[in-house]
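# Structural features, examined
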Amino acid sequence: MKRLDFKKEIIIRWKIISTCTIFGFRESLAYSLNNWGNLMSMVIYMITYLIFLDVLFGRVKMIAGYDYAEMLFFTLIIQINYYLLFVISQANVEKLDESINTGELDLWLVKPVPDLWFVSFRKINLGELLFSAFPATIPLLVILFGKWNELQIPFNGVVSGILCIILGQVIIHCFVFLIGMTAFFTGEGKHAKGMSVELVMFGDTIPFEGFPRFMKYIGFTIVPFIVQTALAVSYFLGKSTNYYYLIYIFGLAVLFLWLKTVAWRFALRHYSSASS
Amino acid sequence: MKIATYTKTMAVGFLQVANYRTEVWFQVFSKMLVFAGIILLWSVIGTGNSGQTYEQLIAYFLVANGVREFIDALYGKFGSSMIDDIKAGKISAYLLQPTHTVLFMYFKHIGNRGVTMVLSVLYIIVGVALAPPTSVLAGLLFFIVVVSGAVICFAQCTMVGSGAFWMTEAKGIKNVANHISKVFSGALIPLTFFPIVYQMPVMLSPFASYAYLPATLIQTKSIDSFLLLQVGVSIVWATILLLLSRVVWRKGVKHYEAIGL
């Protein structure tokens, strides 16, 4: 690809993502009552989860080698990952499913835009992130800051942890999308999406060190549930110092991106429009 | 109105979902994953802290989550479908039909949940097989509590769903009720883990009938007076909330008529 073409491709992708994000933000402002409802729901979820942790740690001292403060930090990373997945991937897979089901996808396919990029990022609800997700995390942050001195977070761990979250998000985005694409063949993808989200969030159940060896293999390969939270927190807290994992998950992210592209082309070839 | 109207509605609801077979399997697998997550967490926490064997703990969570799923208390989806129907205006057609509107919607919803309900019954059967009830009375009380739990959940969903008559979006409130019930029903953590001071109010709350109480009845060695009290309180909650839900629904319908029909 020539340099000029490459530049054009980047510009159009940036335009798609920025326009869709601005539109999504305006849309969320238009239904402000929804935001209040969502905010209330997320705050209550956070509080009930903190009660759960509190009750649990009233009986146990550690979970898989993590004390209360470390589990609070683990919860924070779970929340960050969940909200990112919810805002970026889940919403768009849902839209894709609807488009396939109603035949609306035809319209998008004839437009002169990179189709896979468009369906991947057509809805990014920044409003949800700013007005619901962030405020809902405040109770957790308040408690966590009180326990901050009990945490030991090395600089290397911070860098590796952030890399893990970014690469993990890329991997789980592709995975959720791949499963969501089954809607091309089944006509309906609501539960497929639900299952893929449950699968990728499975790694958020317990810390990395608590997973049996065979589950780690699964979490690092066919069902990538272990990277974005479990491994990231393990790095953040200095419990994992094996940096070869980072090279591996970079390769895994590239592989999943490639798989997503190939699967998209394959699915389009087998797409029988619902509207025609 | 003949009961056949409702059962046919239920059958149609089931067929609507069963048309997408792959989706049904995805749904079943998702439910199993959620349960596997709970088991994994408790296998790491260990059984020493609960005073139960691993088998008993699995049996507890199987029955607790099975019942919670069976009566629709896991996500309270009846509330969601009611909200959707009100928002989309489908309710207008239901109100014109010579049927009991809420019951009609409930049976349609049960039909949609057919597969999930079968799976939840399997959970309960495996749980009961792992730790069978020690007396006939315990088994009988279990069924009573499942019924009262279902009525409480039905009432909760009706009240939450009726919220859509006043608000454009009531799913936030529905989720709030779900989050609270998740922790206080005992499906995620046995209520005996709560500090002593909070145990009594939590065990006597309506949410305990969703998971903790039925699972405890199956596992208990003897029926003491406190367990009988919990069953009695569950029935009282079911009656009060059912009546309350009728009042809220009627007020909501009146409000709907004022702005819509």
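Note: the structure precedes this text.
Residues numbered from 1 in each chain as written. Chains lettered and ligands numbered in written order. Predicted model: local features only at pLDDT ≥ 70, side-chain atom pairs only at ≥ 80, totals over all residues. Heavy atoms only, no water.

Let us look at the pattern of salt bridges. Residue and element names in this part refer to chain A. With the rule as written, the count across this model stands at six salt bridges over all chains. Two residues, Arg 122 and Glu 104, come together in a salt bridge whose shortest N-O distance is 3.5 Å. With Arg 122 in the loop between helix H5 (115-121) and helix H6 (126-146) and Glu 104 in the loop between helix H3 (68-102) and helix H4 (105-109), this pair connects stretches of sequence that are 18 residues apart. The class of Arg 122 is buried, set by a relative accessible area of 10%. When its relative accessible area of 31% is taken as the criterion, Glu 104 is described as partly exposed. (Salt bridge = Lys/Arg side-chain N within 4 Å of Asp/Glu carboxyl O. Helix = DSSP H or I, 4+ residues; strand = E, 2+ residues; numbered from the N terminus. Buried < 20%, exposed > 50% of the residue type's maximum accessible area, 1.4 Å probe, protein only.)

Residue and element names in this part refer to chain A. Helix length check: H3 (35 residues) gives 48 Å between terminal C-alpha atoms against 51 Å at 1.5 Å per residue, within 8%. Maximum bend of H3: about 40°, positioned at Phe 86. H3 sits mainly inside the fold: 25 of its 35 residues count as buried. Two or three places before Ala 69, at the start of H3, stands the capping residue Asp 67, its side-chain oxygen 3.3 Å from that residue's backbone nitrogen. Two residues or fewer past H3, Gly 103 is found with a positive phi of approximately 90°. (Expected span 1.5 Å × (residues − 1). Bend = angle between axes of the 7 residues up to and from the residue. Polar contact = N/O pair within 3.5 Å; in protein donor to acceptor, adjacent residues only side chain to side chain.)

This brings us to the interface of chain A and chain B. Between chain A and chain B, the residue contacts involve 37 residues of the former and 36 residues of the latter. Run the count over chain A and chain B and you get zero salt bridges. At the surface where chain A touches chain B, the tally comes to two residue pairs in polar contact (both at pLDDT 80 or more). Elements with a minimum of two residues in the side of chain A that touches chain B: helix H2 (32-57) and helix H9 (190-200) of chain A. Tallying contributions element by element places H2 of chain A first for the side of chain A that touches chain B, with 13 residues. Residues that form the side of chain A that touches chain B fall into these classes: 19 nonpolar, 14 polar and four charged. (Contact = heavy atoms within 4.5 Å. Nonpolar A, V, L, I, M, F, W, Y, C, P; charged D, E, K, R; others polar.)

Further remarks concern the packing of helix H3 (residues 54-70) of chain B against helix H11 (residues 212-219) of chain B. Residues and elements named next belong to chain B. At a minimum axis separation of 8 Å, H3 and H11 run at an interaxial angle of 135°. One way to sum up the angle between H3 and H11 is to call them oblique. In terms of crossing hand, the pair formed by H3 and H11 is right-handed. Across from Gln 56, Ala 59, Tyr 60, Val 63, Ala 64 and Val 67 in H3, the residues of H11 making contact are Tyr 212, Pro 214, Ala 215, Thr 216, Ile 218 and Gln 219. Here the contact of H3 with H11 is composed, by residue class, of nine nonpolar, three polar and no charged. (Axes fitted to C-alpha atoms, helices over the stretch in contact; angles between N-to-C directions. Parallel < 35°, antiparallel > 145°, perpendicular 65-115°, else oblique. Left-handed = near helix turned anticlockwise from the far one by under 90°.)

Once that is clear, we can look at unusual backbone geometry. Of note in this structure, Ala 64 of chain A is not a glycine but carries a positive phi near 50°. Structurally, the position occupied by Ala 64 of chain A is in the loop between H2 and H3. Of note in the backbone geometry, Asp 72 of chain B takes a positive phi value of approximately 75° without being a glycine. In this fold, Asp 72 of chain B is placed in the loop between H3 and helix H4 (77-88).

Time to look at the packing of aromatic side chains. All names here are of chain A. For the coordinates displayed, the defined rule picks out 36 aromatic pairs over all chains. Seen from their ring centres, Tyr 49 and Phe 52 are 5.7 Å apart, and the 55° between their planes marks the pair as tilted. With Tyr 49 and Phe 52 both in helix H2 and three residues apart, the pair spans about one turn of that helix. The same class applies to Tyr 49 as to Phe 52, namely buried. Aromatic ring contacts, followed pair by pair, group Phe 73, Phe 145, Trp 148 and Phe 236 into a single cluster. (Phe/Tyr/Trp six-rings, centres within 6.5 Å; stacked < 30°, edge-to-face > 60°.)

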